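Here is how the chains run, residue by residue.
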Amino acid sequence: MQTVYFFNTLKRKREEFKPLTPGKAAMYTCGPTVYNFAHIGNFRAYMFEDLLRRTLKLCGYEVTQVMNLTDVDDKTIRDSQAAGMSLNDFTAQYKKSFFEDLKELNIEPAEYYPAATGHIPEMIELVQTLIDKGFGYVANDGCVYYSINKFPEYGKLAKIDMENQISGVRIQNDEYEKDSVADFALWKAWTEADGDVWWDSPWGKGRPGWHIECSAMSMKYLGKTFDIHTGGIDNMFPHHEDEIAQSEAANGCAYVNYWLHCAHLIVNGEKMSKSAGNFFTLRQLLEKGYTGREMRYVLLSAHYRKKLNFTFEALESARTTLKRLSTLFERLRDADGESDGSMTGVVAEAKEKFITALADDLNTSESAAVIFGLQKEANKQLDAGTLSKEDAEAVLDCFRLFDTVYGVFEVDTGASDDVPAEIVELAEQRKAARAAKNWAEADAIRDKLKTLGYTVEDAPDGFRITKL
RNA sequence: GGCGUGGUAGCCAAGCGGUUAGGCAGUGGUCUGCAAAACCAUUAAGACCGGUUCGACUCCGGUCCACGCCUCCA
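Residues numbered from 1 in each chain as written. Chains lettered and ligands numbered in written order. Predicted model: local features only at pLDDT ≥ 70, side-chain atom pairs only at ≥ 80, totals over all residues. Heavy atoms only, no water.

Caption draft 1: Seen up close, helix α9 (residues 292-300). Of all nine residues in α9, eight are buried; the element is thus mostly enclosed. Three or more residues of α9 are buried, namely G292, E294, M295, R296, Y297, V298, L299 and L300. (Buried < 20%, exposed > 50% of the residue type's maximum accessible area, 1.4 Å probe, protein only. Helix = DSSP H or I, 4+ residues; strand = E, 2+ residues; numbered from the N terminus.)

Right, dumping it as C-alpha cells:
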C-alpha cells in the first residue's frame, strides 16, 4: 500500500490520505447534466477523476466511485420541450452519448451512475428531515428552501464569509419569497414552464433542487460520511458548499473528509463553456481526425489543479509523442541482445518514481518525465544491443504498469494491422522494386499508395504503412 | 465590490533556496537510392521593482497583467 497525498480544498493544504476503511476509498464525483453533448472542458473533470481512481488503485486501494447523472433541471426541461420530446427520451440520448465519449477517452466506468430521476423518494425524505430539524422551510411560493443562517459553518469550504458576501452580491428584486437571498432551493414547486415534469411531495407537485440530489445519492451509496468528493472548481460554490450544509445538518456528522477540485480547461486564456460558445465536443475532434487517446494524453499533460490550455498544437504534439512510444514498443518486441544487467535496476527505479509522483497529489508532469526517461534509456540500450529478450519484456511490462493509469500507450497492439490486402500487395511490389534498385518503379508505387490514402515508409526489414 | 488562482524558454508544462525537469517545435548528427520515420546530441526560462540570504525561478513585500468564483456551469 503506497501512501497517497492530496491537496484538500477544505483545509487548503496537502494531506496524507487516510480512508475511513483501511485499503478502501469511497469517492463521489459530480457528473454531467445530460441536456447536450459534453464538451472537452467537461471531460477534463471526468479525466481528473479517472486519474484519481486509477492512481488509488495503483497504490493498492479498492475504489468505489459514484457519479451522478443530473437528468432533471431547468435546462433539461427547457430543451426537451423545445425538442418536443419527453424528458426521459430527451436525456436518454445524451446519457448514451456521454457513455460513448467516456469509452472513447478510455475513462474507467464508475461503480454507480445514479440518475436524479431514479432517486426522488430519497430526496424527498432528506428534504423532510431538513424541515423536521429546522433547516428547511416552506415559502409562500411553495418551494422548500434551506436557511443558511441555521448552519453557522456555511461557507467553510469556499471560505466565504456570508456577512461580507451578501452585501457584495447584486440583489435581484424579484428574489422574493426566501427569508434570505442566499437561501437555496431544496424542492422547487411546479410551475407551468415545467409542463408534465413533476413529482408528488408533502409540499405539492414539484421537483428536487440540484444540490439535494448529490446529498441524497451520495448518502445512499456511500454513507453519511465518506472519503473523497470531487468536481470542477466552479462547483465548489455554491454546489458543494450547499451539499455540506444539507448533509451535515441532516446527519449531524461530517460529510466528506477530502475535497478535491480540478481547474478549468481554457481556450485562448478563457474558460471553455457552453455559454461562451468557445467549446469543442469530443465528437468534433474525432471528426477532425484526432483520436480519443490523443485527447486523453492532452488532458493528462497538466496538473489537475492548474488551468490547462487546450490547443490543436497540443493534440499534434500528443500524436507525435505517442507514435514514438509505439515505435519503441515495436523495437522492444524484436529485441534480442546481450544483456548488460543494468535494465532491471532502471526499470525498478522508474516504477517506484512513477508511483511516487502520482501518489503525490497526482503529479502527472513528474510521472511523464519518468516515462520519457525510461524511453530514452531503453532506446539507447536497443541501439547498443544490450537488451535481452527478458530485459525488453521487463521494460514493456513497466509500460503496461504506466498504462494502468495513463491508458493511452497500447503497449501490445500493433499500429497498422487493418490495412487492406491490395495495399499491402502494392507495398510488397515496391519492396521488390527497391530490392532490384528500380527506384522509378518504387517511387511510382509510393505515389500511387498516397493517392489511395496510405503512406509507406521504409523500415529496416520491410515497410510500414500508415493511413493518411 | 468580496473571495481566490496564476504569470517559467517559439508552444505546452513540473519540481526545487545552490546540482539536466519533461514533451512538441528548432538546430546538429546517425541511418537512408530519395523521402519519411526512428534514434542520439543540443540551443533556450522564470512578468516587473525592492527585500531576506553566502546564494532566489523557488521565501517576503509591492506593482502590473491574466483568469476563476460570488448566477446555470466540470
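Once the structure has been displayed, the description carries forward.
Caption draft 2: Structural view of unusual backbone geometry. In this structure, P238 follows F237 across a cis peptide bond, with omega equal to 0°. One non-glycine residue, L362, lies in positive phi territory at about 60°. Within the secondary structure, L362 sits in the loop between α11 (343-359) and α12 (364-384).

Caption draft 3: The arrangement of helix α7 (residues 236-251) in detail. Between the first and last C-alpha of α7 there are 21 Å, a value that for 16 residues agrees with the 22 Å anticipated at 1.5 Å per step. In terms of residue burial, α7 counts as a mostly covered element, since 14 of its 16 residues are buried. Among the residues trailing α7, G252 stands out with phi positive, at a value near 70°. (Expected span 1.5 Å × (residues − 1).)

Caption draft 4: Broad picture of empty space enclosed by the protein. On inspection of all chains with the given rule, the structure shows three cavities of 30 Å³ or more. Together, R44, M47, F48, L51, C262, L299, L300, A302, Y304 and T364 line the largest cavity. Breaking the lining of the largest cavity down by element, the ones donating at least two residues are α1 (40-58) and α9. Counting residues per element, the lining of the largest cavity draws most heavily on α1, at four residues. Lining the second largest cavity are Y46, E49, D50, Q65, M67, L102, I107, E108, A110 and Y113. Secondary structure elements with two or more residues in the lining of the second largest cavity: α1 and β4 (62-67). With three residues, the single largest contributor to the lining of the second largest cavity is α1. (1 Å grid on protein atoms, 1.4 Å probe; cavity = no way out; pocket = protein on both sides within 12 Å on 5 of 7 lines; lining within 4 Å. Points joined across faces, edges and corners; volume = space filled by probe spheres on them.)

Caption draft 5: Layout of the protein's contact with RNA strand B. Taken together, the neighbourhood of RNA strand B is formed by 57 residues, with W210, G232, N235, K271 and D383 sitting nearest. K307 is positioned such that a nitrogen or oxygen atom in its backbone is 3.5 Å from a phosphate oxygen of RNA strand B. The contact in question runs from a sugar or linking oxygen of RNA strand B to an N or O atom on the side chain of S317, over 2.9 Å. Here the element with the most residues in the surface near RNA strand B is α12; it accounts for nine residues. By residue class, the composition of the surface near RNA strand B is 13 nonpolar, 23 polar and 21 charged. (Near = heavy atom within 4 Å. Polar contact = N/O pair within 3.5 Å; in protein donor to acceptor, adjacent residues only side chain to side chain. Nonpolar A, V, L, I, M, F, W, Y, C, P; charged D, E, K, R; others polar.)

Caption draft 6: Quick look at the confidence of the model for chain A. Mean pLDDT over chain A: 92, with 96% of residues reaching 70 or higher. The secondary-structure element of chain A with the lowest mean pLDDT is helix α5 (residues 162-168), recorded at 57, while β4 shows the highest, at 98. Here residues 167-175 scores under 50 on pLDDT; set against residues more than four positions off or in separate chains, the count is two contacts. Interface predicted TM-score (ipTM) for the complex: 0.95; the corresponding pTM is 0.94. (pLDDT = per-residue confidence, 0-100. Contact = heavy atoms within 4.5 Å.)

Caption draft 7: Focus on the pattern of salt bridges. Per the stated rule, a full pass over the model turns up 34 salt bridges. Ionic pairing is found between K271 and D234, a salt bridge with its closest N-O pair at 3.4 Å. Of the two residues, K271 is situated in strand β12 (residues 270-271) and D234 in the loop between β9 (226-232) and α7; the sequence distance between them amounts to 37 residues. Residue D234 is classed as partly exposed on the basis of its relative accessible area of 39%. With a closest N to O distance of 3.4 Å, R434 and D458 form a salt bridge. Residue R434 is located in helix α14 (residues 421-435), and its partner D458 is located in strand β14 (residues 454-459); the two are separated by 24 residues in the primary sequence. On the basis of relative accessible area, D458 is assigned to the partly exposed category, the value being 36%. Ionic contacts of the salt-bridge type, sharing partners, join the residues R53, K57, E108 and E111 into one network. (Salt bridge = Lys/Arg side-chain N within 4 Å of Asp/Glu carboxyl O.)

Caption draft 8: Main features of the packing of helix α10 (residues 312-334) against α12. Between α10 and α12, the shortest axis-to-axis distance is 11 Å and the interhelical angle comes to 40°. With respect to each other, α10 and α12 are oriented oblique. Relative to α12, the crossing made by α10 is left-handed. Listed contacts from α12 to T321, R324, L325, L328, R331 and L332 of α10 are F372, Q375, A378, N379, L382 and D383. In the contact of α10 with α12, the residues fall into six nonpolar, three polar and three charged. (Axes fitted to C-alpha atoms, helices over the stretch in contact; angles between N-to-C directions. Parallel < 35°, antiparallel > 145°, perpendicular 65-115°, else oblique. Left-handed = near helix turned anticlockwise from the far one by under 90°.)

Caption draft 9: Spatial organisation of the nonpolar core. Formed by 79 residues in total, the largest nonpolar core has its most connected members in L56, M295, F354, F399, F402, Y406 and F409. When residues in this core are grouped by element, the largest group, 10 residues, is from α1. With sequence-adjacent residues up to four places away left out, F402 is seen in contact with A350, F354, V370, I371, L374 and F409. If you look at the next biggest cluster of nonpolar residues, it comprises 44 residues, including V66, L126, L130 and A158. (Core = buried A, V, L, I, M, F, W, Y, C linked by side-chain atoms within 4.5 Å.)

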